[in-house]
Amino acid sequence: MRIRTHTRTHALSAATAATVVAAATAALTLAAPTATAAAPKPTVSDFNADGYADLAVGVPDATVDGRTRAGYVNILWGGPKGPGAYGNTRVSQARPGVPGTPEAGDRFGAAVAVADVNGDGVADLVIGAPGEDVTGSGTDAGTVAVLRGAKGGLGTATTTTNGPAASAAYGKSVTAADLTGDGRTDVAIGATDKVVLAPAGGPRSTVVSDQMGGRAPVLTTGDFDNDGTADLALAYWTVNQPYTRSHVRLWRSEPSESGLVNFWNTDNAGVTALASGDFDGDGHDDLALGECREIADENIDDPCGPEEYATGGGLHIHYGGASGFGTREQTLNQDTVGVYGRAEDGDRFGASLAVLDWNGDGRDDLLVGAPGEAIGTRAGAGAATLLIGHAGGLVDQYGEATSVAYNQGTPGIPGAAEAGDAFGTAVATGDYDHDGTPDAAIGTPGENAASGGVWLLPALSSQRSYAVTPTGLGLPSSSTALSYGKTLSSH
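Under an unreviewed UniProt entry, the protein chain has the name Integrin-like protein and belongs to Streptomyces spongiae.

Draft legend 1. Region of the structure containing the overall build of the protein chain. Secondary structure summary: the protein chain contains three helices and 29 strands in total. By residue count, 57% of the 491 residues in the protein chain fall in the buried class. When contacts within the protein chain are restricted to residue pairs at least 6 apart in sequence, those whose partners lie at least 24 apart make up 55%. Accessible surface, the protein chain: about 18000 Å² in total, of which carbon and sulfur atoms supply 48%.

Draft legend 2. Expanded view of the state of the cysteines. Taken as a whole and judged by the stated rule, the model has one disulfide. One disulfide bridge connects Cys 292 with Cys 304, the sulfur atoms lying 2.0 Å from each other. The disulfide joining Cys 292 to Cys 304 has a torsion of about -70° about its S-S bond and is therefore left-handed. Placement of Cys 292 in strand β18 (residues 286-294) and of Cys 304 in the loop between β18 and β19 (314-319) is noted, with a sequence separation of 12 residues between them. Judged by relative accessible area, which is 7%, Cys 304 ranks as buried.

Draft legend 3. Spatial organisation of the sheet that holds strand β1 (residues 55-59). With antiparallel pairing, the four strands of this open sheet are ordered in space as β3-β2-β1-β29. In this open sheet, the two edge strands, each paired with only one partner strand, are β3 (88-91) and β29 (487-488). Pairing between strand β2 (residues 72-76) and β3: four bridges, direction antiparallel. If you follow Val 73 over to β3, its bridge partner there is Val 91.

Draft legend 4. Broad picture of the sheet that holds strand β9 (residues 186-191). With respect to topology, four strands assemble into an open sheet ordered β8-β9-β10-β11, the strand pairing being antiparallel. With partners counted over all chains shown, the strands left at the sheet margins are β8 (173-177) and β11 (205-209), one partner each. Along the sheet, successive strands turn relative to each other by an average axial angle of 20°, direction set aside. As defined by bridge partners, strand β10 (residues 194-198) adjoins β11 across four bridges and the pair is classed as antiparallel. Within β11, the residue paired with Leu 197 across the bridge is Ser 205.

Draft legend 5. Up close: the packing of aromatic side chains. The final tally for this structure, using the stated rule, is three aromatic pairs. Judged by centre distance (5.0 Å) and plane angle (85°), the ring pair of Trp 264 and Phe 325 falls under edge-to-face. Of the two residues, Trp 264 sits in strand β15 (residues 259-267) while Phe 325 sits in the loop between β19 and β20 (328-332), which places them 61 residues apart along the sequence. Site record: aromatic cluster; members linked through ring pairs are Phe 224, Trp 264 and Phe 325. Directly above the ring of Tyr 243 sits Arg 245, whose terminal nitrogen or CZ lies 3.9 Å from the centroid.

Draft legend 6. How the structure looks around unusual backbone geometry. With an omega dihedral of -10°, the bond running from Gln 241 to Pro 242 counts as a cis peptide bond. For Asp 140, which is not a glycine, the phi torsion comes out positive at approximately 60°. Tracing the sequence through the fold places Asp 140 in the loop between β5 (124-129) and β6 (143-150). Taking the relative accessible area as the measure of exposure, Asp 140 reaches 33% and is therefore partly exposed. Despite not being glycine, Asp 193 has its phi angle at roughly 55°, a positive value. Checked against the element boundaries, Asp 193 lands in the loop between β9 and β10. Asp 193 gets classed as partly exposed once you look at its relative accessible area, which sits at 22%.

Draft legend 7. Inspection of the environment of Asp 133 at higher detail. Here Asp 133 shows up in the loop between β5 and β6. Classification of Asp 133 by relative accessible area gives partly exposed; the value is 35%. Through-space distance from the C-alpha of Asp 133 to that of Glu 103 is 8.3 Å; in sequence the pair is 30 residues apart. For Asp 133, the residues in contact, after removing those within four places along its chain, are Glu 103, Asp 106, Gly 138, Thr 139 and Asp 140. Of the polar contacts made by the side chain of Asp 133, one reaches the backbone nitrogen of Asp 140; its length is 2.8 Å.

Draft legend 8. A look at a negative patch on the surface. Judged by side-chain charge, Asp 267, Asp 301, Asp 302, Glu 307 and Glu 308 come together as a negatively charged surface patch. Within the secondary structure, Glu 307 sits in the loop between β18 and β19.

Draft legend 9. Main features of the pairing of β15. Pairing geometry for strand β14 (residues 245-254) and β15, over eight bridges, is antiparallel. Residue Trp 251 lies in a different strand from β15, and its bridge partner there is Asn 262. The antiparallel hairpin formed by β14 and β15 contains four residues in its connecting segment, where Ser 258 sits at a positive phi of about 55°.

Draft legend 10. Quick peek at the pairing of strand β24 (residues 403-406). Taking every second residue as pointing to the same face, both faces of β24 are buried, with Ser 403 and Ala 405 on one and Val 404 and Tyr 406 on the other. Looking at chain direction, strand β23 (residues 383-387) and β24 are connected through four bridges and run antiparallel. Note on β24: the bridge partner recorded for Ala 384 is Tyr 406.

Thresholds applied
Sequence order as written defines the numbering, with residues in each chain counted from 1. With pLDDT at 70 or above as the cut-off, local features in this predicted model cover only qualifying residues; side-chain atom pairs require 80 or more to be listed or tallied, and sums for whole chains, interfaces and linings still use all residues. To get the side-chain values, all heavy atoms of the structure are used, and hydrogens and water are removed first. Runs of E in the DSSP output that reach at least two residues are strands. Runs of H or I that reach at least four are helices, and both are numbered from the N terminus. Only protein chains enter the accessibility calculation, which uses a 1.4 Å probe. A residue is then buried if its area is under 20% of the maximum for its type, exposed if over 50%, and partly exposed in between. The contact rule is simple, with two residues in contact once any of their heavy atoms fall within 4.5 Å. Where accessible areas are quoted, they stem from the Shrake-Rupley method and a 1.4 Å probe; at the residue level, only the protein chains shown are allowed to cover. In plain terms, two cysteine sulfur atoms within 2.5 Å form what is called a disulfide here. Strands were regarded as paired on the criterion that DSSP finds at least two bridges between them. As a rule, the C-alpha atoms of each element are fitted with a line to give its axis, helices using only the stretch in contact, and angles between N-to-C directions run from 0 to 180 degrees. The pairing test for Phe, Tyr and Trp rings, Trp by its six-membered ring, is centres within 6.5 Å, and the orientation test on the planes gives stacked under 30 degrees, edge-to-face over 60, and tilted for anything in between. Only when the NZ of Lys or the CZ of Arg is both within 6 Å of the ring centre and within 35 degrees of the ring normal is a charge said to sit over the ring. Each polar contact in these results corresponds to two N or O atoms within 3.5 Å; when the atoms are within protein, one needs to be able to donate a hydrogen and the other to accept it, and residues that are neighboring in sequence are counted only if both atoms are side-chain atoms. Patch membership requires more than 30% relative accessible area and the absence of a salt bridge. Residues of like charge join within 9 Å; the nonpolar side chains Val, Leu, Ile, Met, Phe, Trp and Tyr join within 5 Å. Salt bridge criterion: a side-chain nitrogen from Lys or Arg within 4 Å of a carboxyl oxygen from Asp or Glu. Within this scheme the basic residues Lys and Arg register as positive and the acidic residues Asp and Glu register as negative, but His and the chain ends are omitted. Where a charge lies is defined by one atom per residue type, namely NZ (Lys), CZ (Arg), CG (Asp) and CD (Glu).

Shown next, in the form of structure tokens:
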């Protein structure tokens, strides 16, 4: 990673970051970011109600009972020393209490999301299996299941919905929140050319149906209209099928319509990741578009900001505010002053996103993965960057950012940066050691010839970081590469 020098910079080294977070922890009583009183709160990923956040890793390419790519979810239990030190549990369709049976190509765990679906105060896990064959529907109809968390361990799982037809591939992506305002958690499901809503108290409905290029639609939730009920953000794009289209859309509950209605759009923007947070601390949710690039050919509206920011992958942020959502925007990439690295084709800056309040100042920060980043001459070794929220957002009044950079060449981070490691393919956050400061998990599915691994950074400190790998966890060897770390639980 080549570092540019600037006359003025807010970028912090990883060693400095460890000092800063220690000082911040001593000086501040950590509090939740400022938000509207009724805004939905993220569910801590504590599946066994022991007070420690846990980490769920989707391993859809794993072999189960001899069935290739049947898939499973691996839960790493949190504790004072963090995930990896307290055992792990594999959850597949071979587990008693989980619907279905392992079959080749099910890809159970292709998508995972955290939410308290049954309202008992314990986190549950929503799991997508887009390759599931469903009786009466056909091959690859797909299914979504909810695995219940329970005090002292895990409960059983139930099917939320099955795909209605062959190749429907329900479960390509999932997210969950109270999207209908009835106090119960609803599940939004990405499928082939479709996003559907499985509400807690009603029949399944289609949110949007359109050509999506075979990709999983990107989903997240946030209270973007500031009405106290979560809204659904979704994105998809395709080229020449039969024509080029790309959309980022927001949907909210409208009781008179008996479902969700579209209330905001930005078109011609193709994105790989979405994340919601209050990056400027004004009490209104903002939306970050990761690896944003213009897809349409017209080049007339710059949906991802100035075109030069798309090089190597850019972030485009739409801010909420008292005057409404999306009235203010910011754009940044690795050529922005204060962001480590240099914007180069193939970096994929913004391919994964996770939100946290790292320094406890009431403004959300953003962890950004760049799995295509070259470290020296090692192409695709990958990197991650922590962007600090300011009063003006992720870019301050001078047009600069404050960042901390991480890769396998960073002092203190174990391993070595190697071509194709893809460090940063997935990122997640949680207080896994319950010390009051968020920690980070960084997926590295290309590690060890695509066996993969997850790097844990307590309090985002490289000096305390460690790696967990399938071998170290005692996971069974697979006839196919596990790509462990490609999918991490989100909330």
